[in-house]
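Single-letter residue listing:
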Amino acid sequence: MSNATLKVNGKEYRLSFSPHQTLLHVLREELGLVGAREGCGIGICGSCTVLVDGRTISSCLMLAVQAAGHDITTVEGLADDEKLHRVQRAFIDHFGFQCGYCTPGFILSTVALLANHTNPSAEEIREYLSGNLCRCGSYPNILKAVMSLSDSEV
Amino acid sequence: MAKSVHMLDSIARVTGTVPYTANLKLPQMLYAKVLRSWLPHARIVHIDTSRAEQMPGVVAVLTAADLNQPGGPTTFYGVQHKDQPIVATDRVRYIGEPVAIIAAESTDIAEAALHEIEVEYKELPAVYDEIQAMQPCAPVLHGDYPDNCFRHARLRHGDIEVGFAAADEIIEEMYFSPTANHVTLEPHVTAAQWQDGKLTIWSATQAPSLVQQVIAELFNLEPEAVRVMVAPLGGGYGGKGHIRLEPMVAALAWKVNGRPVKLTLTRAETFVTVNKHAAAIHIKSGVKRDGTLTARQVTIHWNGGAYADVSPGLVGSGMLRSIGPYRIPAVQVDSYGVYTNLPPAAAFRGAMASQGTWAYESHSDSIAHRLGIEPLAFRLQNLLVDGDAFATGETLHDIHFVECLEAVASGIGWNTPLQKNSGVLKRGRGLAVMMKSTIPNSTSQCRLLLDDDGQVTLFTSTVEMGQGAHTALAQIAAEALGVPVATMNVVGPDTAQNLFDTSTNASRSTFMMGNAIINAATLLKQKLIEAAVPLLEHPPEELSVRNGVVCVTEKPELCFSLTDILRRNQLTSVDALGEFQTRVAGLDPETGQGVSTPHWHQGAGACEVEIDTETGKVAILRYWSAAFAGRVVNPELARLQNDGNVIYGIGPALLEEVIFDNGQIANPNLSDYNIPAFPDIPHNLNSVSLEGESGEFHGIGEMTLPPVAPAIANAIFDALGIRIYDLPITAEKVLRALQNE
Ligand code: FES
Ligand code: FES
């Protein structure tokens, strides 16, 4: 067992888990943060996306011990009290999901995108989100949701 | 009433709190892992589980030796043929078949224990191809079916010889549609608990009522002793359409006796659990020089895998869905369901229609090309219209193939000039139309309950799997009751409190459950009117329910709110049950003549593609789809279904194939098995949902999917003059076809 302190959504958790556990496993099983989900387990689908120091990471590929000392944000950490994050709001307004399994991953990738580019073009959005898969095929509405947050929207 | 209401649980969907079964954690819960066969066909000589059982943390190991004991489950199940063991008995029939299942304190322990089970096999010859499996010398999977054919569905309409003799041209082709995987992002997951002779099952399934029924039968229990609960699914697409993990997890829970146990499949395991039917389709048509069809003969072999599962019924549906929506005086179809040493196959969104449409709509363009007729004109000349008889002999009603096709053709600008050639990039256009039957005999039941605080709760066994069914059904209930949607709650499947529903399959829910709800609402309104009679002092026939009040129809100012009516009658709630059933005459097993479906699903698609002739890469520049929706409940959710279908359909059209190497899947992961991502989606994607005068709901969960592959293939033919017969249309296939030119 390894002991580590993880800082998730601004809170520190002292945890003990076996060293081979992924960050995804620890978030879901130890902390009950189920917004990150395993879709593929090999870094392809993006449904396990979390932010580590503001950068998108596939939490299925990161060992939990590697995350110690970093700032981890999951979808549960986006809303401010009861007020949804503007990306969450946009996904609702534009019907950007169906089953919703992929949605937290898309939302966190969008948060990271907008943190670095305030006005991405449609092409940049498609490119940036190409590491997130949506089997229900909600892509056109996801694009609209993200475009609505881009300053370049005309 | 069509209104784009947001999904009822939208906030949960964007905050990550939807209670998927994958998230389920129960007190004292154990974790399961499955030991699977590594051989495609073998006798099991010996299994030794003793070392695994002694490992600390292992609670139970279940093998076939545990089955058929007094008080426990019997061995075999199957919706139509009881050919599938809960875990393998003396024989394994595909790589990945469950041989043993372990319950342990953690997944890691269960996983480690798998390696401690010893299985001795004696390998048998295997067969994988659906046509070879029916050859006389092929290895036999199930003794009862010496030719490996578990169902042969036949349709005989008109005189086929006369039809072909009357033709000026005969066009004969062979198409192939391979195995694909549903890839629900939430994998298959089931938990079960056995306590005091009763089972509780939590499962990501589209068919709670069916699971209850099959499990009760397997354990020889009354249905009430089996409780099935279904949370919203992270995708279904048919992959969770019938009984799946439940027998094996329930049997393990029975052996554990007390603590709940949960099995979550890995991505690789989902690929050996259920797939789309591969199909080999031979299609031959006779046609007059003026474009009139005279005869069509279709022979399909469906690869059912090692167990029949739901395939016997589906092979019959596939027979109907392989002909095409055309007026043809003589039709003959032979639809064979075949056992092979591959994982079982089941419905896959656009079920048994995608394969047939791939063949008959590619074939339509081949015919049109042979005759020198423009492809849209050829279709319009032959499409079925209201009042025509289909090849089953049944008269068609509410038929809109022409409108669907015209809508998509005008959407992409079919008649505007196309700049075909610009150096290495070549452009073309194609279109396709499809016809799909729905479940002939099915039943939906529901309960509507009005509380004295004005909330209305719909209890329904319809599964919410992302299609927005609960939202659309709440809208239907609200409208039928004359209350705002905001007062609606929906309680999803739990067999302990909700009534029967056949399943959430075949795009049936809006139609079937929607009508059950309307019936329940009518009854509930009657009850409210009766309760209002003494208050309003008017007879019931002079009262009506609207906008949350019961009023005197002629003097609407004389009214009581629904909550007032309850309070003044000292009622805390009032409820009503609703039911809707479809029963059709069915088809003659020898001739396929009769009535096959309560109504027809109809859809079309058209696209413009650009092919890079140096790489073979196909880009879809624009795509229009149309579905006949009858009556649209929620336009935004309807559009999500139509567009989602097209995107889902791009997978098997251009990218997806489960590749087998001697029965072993070579690409059971999302790195080697690619599903559509942002770069694969046409920038210009549009859809229309057509409405009809009858106002009858038609499901739209699949209608725009089957046309995708043939529309693309037809566009490629238009651009390059090459015909692709095998899906998926990879860059490599296009390039090879170009080189063979
Ligand atoms: S589960 Fe991590 S990327 Fe798919
Ligand atoms: S909404 Fe279902 S996978 Fe994206």
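Here the structure is shown first, and the text comes after it.
Let me begin by describing the structure that accompanies this report. Only a predicted model underlies this, so the values are computations on that prediction, with no experimental measurement involved. (Residues numbered from 1 in each chain as written. Chains lettered and ligands numbered in written order. Predicted model: local features only at pLDDT ≥ 70, side-chain atom pairs only at ≥ 80, totals over all residues. Heavy atoms only, no water.)

## Brief notes about the environment of A:Arg135
- As for its position among the elements, A:Arg135 is in the loop between helix H4 (122-128) and helix H5 (139-147).
- In this structure A:Arg135 comes out as buried when scored by relative accessible area, which is 4%.
- At 2.9 Å, the side chain of A:Arg135 and the backbone oxygen of B:His182 are in polar contact. (Helix = DSSP H or I, 4+ residues; strand = E, 2+ residues; numbered from the N terminus. Buried < 20%, exposed > 50% of the residue type's maximum accessible area, 1.4 Å probe, protein only. Polar contact = N/O pair within 3.5 Å; in protein donor to acceptor, adjacent residues only side chain to side chain.)

## Digging into the interface of chain A and chain B
- With 46 residues of chain A at the contact, the number on the chain B side is 52 residues.
- For the pairing of chain A and chain B, the buried interface totals around 3,900 Å² over both sides, and the portion due to carbon and sulfur atoms is 62%.
- When the shortest N-O distance is used, the salt bridge between A:Glu29 and B:Lys25 registers 3.7 Å.
- Connecting chain A to chain B are 22 residue pairs in polar contact (both at pLDDT 80 or more).
- Going through the elements one at a time, helix H1 (23-30), helix H2 (86-93), helix H3 (103-116), H4 and H5 of chain A are the ones with two or more residues in the side of chain A that touches chain B.
- For the side of chain A that touches chain B, the leading source of residues is H5(A), giving six residues.
- Of the residues assigned to the side of chain A that touches chain B, the class counts are 24 nonpolar, 12 polar and 10 charged. (Contact = heavy atoms within 4.5 Å. Buried area = accessible area lost by both parts, 1.4 Å probe. Salt bridge = Lys/Arg side-chain N within 4 Å of Asp/Glu carboxyl O. Nonpolar A, V, L, I, M, F, W, Y, C, P; charged D, E, K, R; others polar.)

## Considerations on the sheet that holds strand E25 (residues 543-546) of chain B
All names here are of chain B.
- Strand order in the open sheet formed by three strands is E25-E26-E27, and the pairing between neighbours is antiparallel. Since the sheet does not close on itself, it has two edges, and those belong to E25 and strand E27 (559-561), each with one partner. Within this sheet the neighbouring strands show an average axis-to-axis angle of 20°, counted without direction.
- The sheet strands contacting helix H13 (residues 509-536) are E25, strand E26 (549-552) and E27, and the helix crosses E25 at an angle near 120°. (Pairing = 2+ DSSP bridges. Axes fitted to C-alpha atoms, helices over the stretch in contact; angles between N-to-C directions.)

## Focus: the side chain of B:Ser544
All names here are of chain B.
- By secondary structure assignment, the location of Ser544 is in strand E25.
- Looking at Ser544, the relative accessible area reads 16%, which means it is buried.
- Looking at Ser544, its side chain comes within polar contact range of the side chain of Thr553, at 3.2 Å.
- Sequence-distant contacts of Ser544, defined by excluding residues within four places in its chain, comprise Ile529, Val549, Val550, Cys551 and Thr553.

## Section: helix H8 (residues 311-320) of chain B
All names here are of chain B.
- Counted residue by residue, H8 has nine buried out of 10 residues, so it is predominantly covered.
- Inspection of H8 places Ser311, Pro312, Leu314, Val315, Gly316, Ser317, Gly318, Met319 and Leu320 among the buried residues, and these make up the whole buried set.
- Against strand E9 (149-157), strand E17 (293-305), strand E18 (330-339), strand E19 (345-346), strand E21 (425-437) and strand E29 (586-587) lie the buried residues of H8.

## With respect to the packing of helix H10 (residues 375-382) of chain B against helix H11 (residues 401-412) of chain B
All names here are of chain B.
- Orientation of H10 relative to H11, taken along the N-to-C sense of each, is 165°, at an axis distance of 10 Å. Classified by the interaxial angle, the pair formed by H10 and H11 is roughly antiparallel. Relative to H11, the crossing made by H10 is left-handed. Between H10 and H11, the residues in contact are Leu376, Arg379 and Leu380 and Val402, Leu405, Glu406 and Ala409, respectively.
- Each residue belonging to the contact of H10 with H11 can be placed in one class, and the counts come to five nonpolar, no polar and two charged. (Parallel < 35°, antiparallel > 145°, perpendicular 65-115°, else oblique. Left-handed = near helix turned anticlockwise from the far one by under 90°.)

## Here we look at the environment of A:Met147
All names here are of chain A.
- Its place among the elements puts Met147 in helix H5.
- In this structure Met147 comes out as partly exposed when scored by relative accessible area, which is 21%.
- Expressed as a C-alpha distance, the spacing of Met147 and Ser121, which sit 26 residues apart in the sequence, is 7.5 Å.

## Quick word on the layout of surface pockets
- Put simply, the second largest pocket is a space of about 1,200 Å³.
- Along the walls of the second largest pocket sit 38 residues, with A:Gln21, A:His25, A:Glu29, A:Glu38 and B:Thr107 positioned nearest its centre.
- Breaking the lining of the second largest pocket down by element, the ones donating at least two residues are strand E2 (11-17) and H1 of chain A together with strand E1 (30-36), helix H3 (107-114) and strand E14 (261-264) of chain B.
- Looking at the lining of the second largest pocket element by element, the count peaks at five residues for H1(A).
- In terms of residue class, the lining of the second largest pocket is made up of 14 nonpolar, 14 polar and 10 charged. (1 Å grid on protein atoms, 1.4 Å probe; cavity = no way out; pocket = protein on both sides within 12 Å on 5 of 7 lines; lining within 4 Å. Points joined across faces, edges and corners; volume = space filled by probe spheres on them.)

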